[in-house]
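Below, each chain spelled out in residue letters.
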Amino acid sequence: MTSIAVIGCGYVGAVSAACFAELGHTVHCIDTDPSRVALLQQGSSPIHEPGLEELLQRGIEAGRLTFAATYPDVFDARIVFIAVNTPEAQEGAADIRAVRDAVSTVAARLRTGSIIVNKSTVPIGTGDLVAGMAERAGCRSIAVVSNPEFLREGSAIRDFMEPDRVVLGSDDRDAMDRVAALYAPLNPVVQRVDIRTAEMIKYASNAFLATKISFINEIASICETLGADVEEVARGMGMDTRIGGQFLKAGLGWGGSCFPKDVKALAHMAAVHGAHPQLLRSVMDINHDQRLRAVQKVRQALGDLEGRHVTVLGAAFKANTDDLRNSPAIELANLLHLEGAHVTVVDPVVPAARLLALAPHATFALDAVEAAAGADAVVLATDWPEFRALPWHAIAAHMERALLVDTRNYLDPATMRAAGFEYRCMGRPGAEGAAASELIEA
Ligand SMILES: NC(=O)c1ccc[n+]([C@@H]2O[C@H](COP(=O)([O-])OP(=O)(O)OC[C@H]3O[C@@H](n4cnc5c(N)ncnc54)[C@H](O)[C@@H]3O)[C@@H](O)[C@H]2O)c1
């Protein structure tokens, strides 16, 4: 088994490190955030990710997983993964300052024959930049491998342990083989390509998934005007193996820490180099409009939102994570506030302080039933399973007006109507009851 290092212990770094330790490797992790490191050293996860704490604790107890807030003078590990954040910078470009910082610090501390593996999502050409930085730091025989990560928050451990593929990009075959060997216990399909192609596979994959969601959201709005049901349309499309059913869920649009910044960064790279990313721009446009469409549904039912009380169910960008980066639910809460509504947000795992930092005018609540009492509308914004199990009859009975806008098409329309709700959703006019169907027939 191999000794490796992981730089950056966020959603990708902490999960990758814990999984590599579970596979039997010795993993030394470094993060510049001391509070994050202190938690990890105790086997506590700084993020909400199902199954992560168990793996962390097993790795630490087995002596295979260590964490530090400072870099060693010299790395024992010959394979060093970079998993630091690459957020959005000006004009949508990817900000790779953390990658530069990490690489320049790592490069000066590596032994001859080491490999820098980049797991962060980075602009095409960053691998060459990293190789140049390592060389300037005096490392002559160091290989650089791109190994983009495809895990999803909420199912990150399973995604890591059962990858659809492992992509490796480098001009050094031996280095790719050594990195591939780390994943050997998973028996994955390994695609070996050049480094720029590996970097592009990550961006193209995320852009395609975002495109699928924007596509079905556009179909949803056409369904609304023509009286079709987007859920059945998506099901019928998805059964075609050329299309596939995943990422064909109409709703509030995509968000999170990856799709928004990655689609923007790809469009930015394209434009800067003279290509015309019209499709990517439309994909972003449609996504932006989905939030507005959801607000419009509340306004269509209630009229002016000034002084209305609206309870938003969910703050996280999707279920099973506490990640609030580019969360459509937060954007929705802020848009409702802009129209004058008093907004209360309920989320089962997101701490109040983190929510209020992004939605400062909202009120935070843990109990959906209490939060909805006296409200004029409930808007479901995150598909947390907890929300399906709420006592909906009781909620409807205690609201000022029992309006439910299900922006994720997550709840059963007939059950919600039977509970006493005026039910609104995305792209399913028939599911909204007689009034909406009659509107289309007229
Ligand atoms: N979050 C996801 O679902 C996901 C999935 C696939 C790929 N990615 C990509 O992986 C990368 C990491 O994403 P994330 O969500 O894990 O980010 P994150 O913000 O959760 O974690 C990044 C960590 O790196 C640390 N860090 C920053 N600079 C450092 C340095 N110089 N040395 C040591 N530590 C440093 C930060 O303190 C932080 O803990 C990004 O490029 C992202 O696009 C993310």
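Please read all numbers here as calculations on a predicted model, not as lab measurements. (Residues numbered from 1 in each chain as written. Predicted model: local features only at pLDDT ≥ 70, side-chain atom pairs only at ≥ 80, totals over all residues.)

### A short note on the overall build of the protein chain
Scanning the protein chain from terminus to terminus reveals 18 helices and 14 strands. In summary, the protein chain has a C-alpha radius of gyration of 24 Å against a globular reference of 22 Å for 442 residues, a match within 12%. Overall size of the protein chain, expressed as C-alpha extent along the three principal axes, is 75 × 45 × 40 Å. Once local pairs closer than 6 in sequence are excluded, the contacts in the protein chain between residues at least 24 apart make up 70%. (Helix = DSSP H or I, 4+ residues; strand = E, 2+ residues; numbered from the N terminus. Rg over C-alpha atoms; globule rule 2.2 N^0.38 Å. Contact = placed C-beta atoms within 7 Å.)

### Considering the site of the ligand
In the neighbourhood of the ligand, 26 residues make up the surrounding shell, with Gly-8, Gly-10, Asn-85, Ser-120 and Thr-121 lying closest. The set of elements that each furnish at least two residues to the shell around the ligand consists of α1 (11-22) and α4 (97-107). Across the shell around the ligand, the residue classes break down as eleven nonpolar, nine polar and six charged. (Near = placed C-beta within 6 Å. Nonpolar A, V, L, I, M, F, W, Y, C, P; charged D, E, K, R; others polar.)

### Considering the nonpolar core
Formed by 137 residues in total, the largest nonpolar core has its most connected members in Ile-7, Val-80, Ile-116 and Val-379. For this core, the two domains that each supply at least three residues are domain 1 (3-192) and domain 2 (209-441). The contacts of Val-80, once residues within four sequence positions are left out, are Ala-5, Ile-7, Phe-75, Val-106, Leu-110, Ser-114, Ile-116 and Val-117. (Core = buried A, V, L, I, M, F, W, Y, C linked by C-beta atoms within 7 Å. Buried ≥ 20, exposed ≤ 12 C-beta atoms within 10 Å, placed from the backbone. Domains from an automatic or database assignment.)

### Focus: the sheet that holds strand β14 (residues 422-425)
Taken in spatial order, the six strands make up an open sheet running β11-β10-β9-β12-β13-β14, and their pairing is parallel. What marks the edges here is a single partner per strand, and that holds for β11 (363-365) and β14. Neighbour to neighbour, the strand axes of the sheet diverge by 20° on average, direction disregarded. As judged from the three bridges shared by strand β12 (residues 377-380) and strand β13 (residues 403-406), these two strands associate in the parallel manner. (Pairing = 2+ DSSP bridges. Axes fitted to C-alpha atoms, helices over the stretch in contact; angles between N-to-C directions.)

### Re the domain arrangement of the protein chain
Looking at the assigned domains, one finds that the protein chain contains domain 1 (3-192) and domain 2 (209-441). Taking the mean C-alpha position of each, domain 1 and domain 2 sit 34 Å from one another. Counting residues at the interface gives 15 residues for domain 1 and 15 residues for domain 2. Looking at side-chain class alone, the side of domain 1 that touches domain 2 contains eight nonpolar, four polar and three charged residues.

### Comments concerning unusual backbone geometry
Located in the positive-phi region is Phe-247, a residue other than glycine, with phi close to 65°. Structurally, the position occupied by Phe-247 is in the loop between α9 (230-238) and α10 (259-272). Accessibility expressed as a C-beta count within 10 Å gives 16 for Phe-247, which makes it partly exposed. We note that Asn-326 has phi near 50°; this positive angle belongs to a residue other than glycine.

### A word on the pairing of strand β7 (residues 166-169)
Where β7 and strand β8 (residues 190-193) come together, four bridges link them in parallel fashion. Of the residues in β8, the one forming a bridge with Leu-168 is Arg-192. With helix α7 (residues 173-182) bridging β7 and its parallel neighbour β8, the resulting β-α-β unit is right-handed. (Right-handed = clockwise from strand over helix to strand, strands pointing away.)

### Overview of the pairing of strand β4 (residues 79-82)
Going residue by residue along β4, you find Ile-79 and Phe-81 tucked away on one face and Val-80 and Ile-82 tucked away on the opposite face as well. Bridge analysis of strand β1 (residues 3-7) against β4 gives four bridges, and the strand direction is parallel. Pairing of Val-6 across the sheet is with Phe-81, part of β4. Pairing between β4 and strand β5 (residues 115-118): four bridges, direction parallel. By the bridge assignment for β5, Ile-79 is matched with Ile-115.

### A closer look at the environment of Arg-308
Inspection of the secondary structure puts Arg-308 in the loop between α11 (278-302) and β9 (309-313). Along the sequence, Arg-308 and His-342 sit 34 residues apart, while their C-alpha atoms lie 6.0 Å from each other. In contact with Arg-308, other than residues within four places in its own chain, are Leu-302, Ala-341 and Asp-376.

### Description of the environment of Val-298
Within the secondary structure layout, Val-298 lies in helix α11. Take Val-298: there are 25 C-beta atoms within 10 Å of it, and that puts it in the buried class. Dropping the residues within four chain positions of it, Val-298 is found in contact with Leu-305, Val-310, Leu-336, Ala-377, Val-379 and Val-405.

### Examining the packing of α10 against α11
Running from N to C, α10 and α11 point in directions that differ by 150°, and their axes come no closer than 9 Å. It follows from the interaxial angle that α10 and α11 lie roughly antiparallel. Judged by the twist between their axes, the crossing of α10 over α11 is left-handed. Taken together, the residues of α11 that come into contact with α10 (itself represented by Val-263, Lys-264, Leu-266 and Ala-267) are Leu-280, Arg-281, Val-283 and Met-284. Class assignment of the residues belonging to the contact of α10 with α11 gives a composition of six nonpolar, no polar and two charged. (Parallel < 35°, antiparallel > 145°, perpendicular 65-115°, else oblique. Left-handed = near helix turned anticlockwise from the far one by under 90°.)

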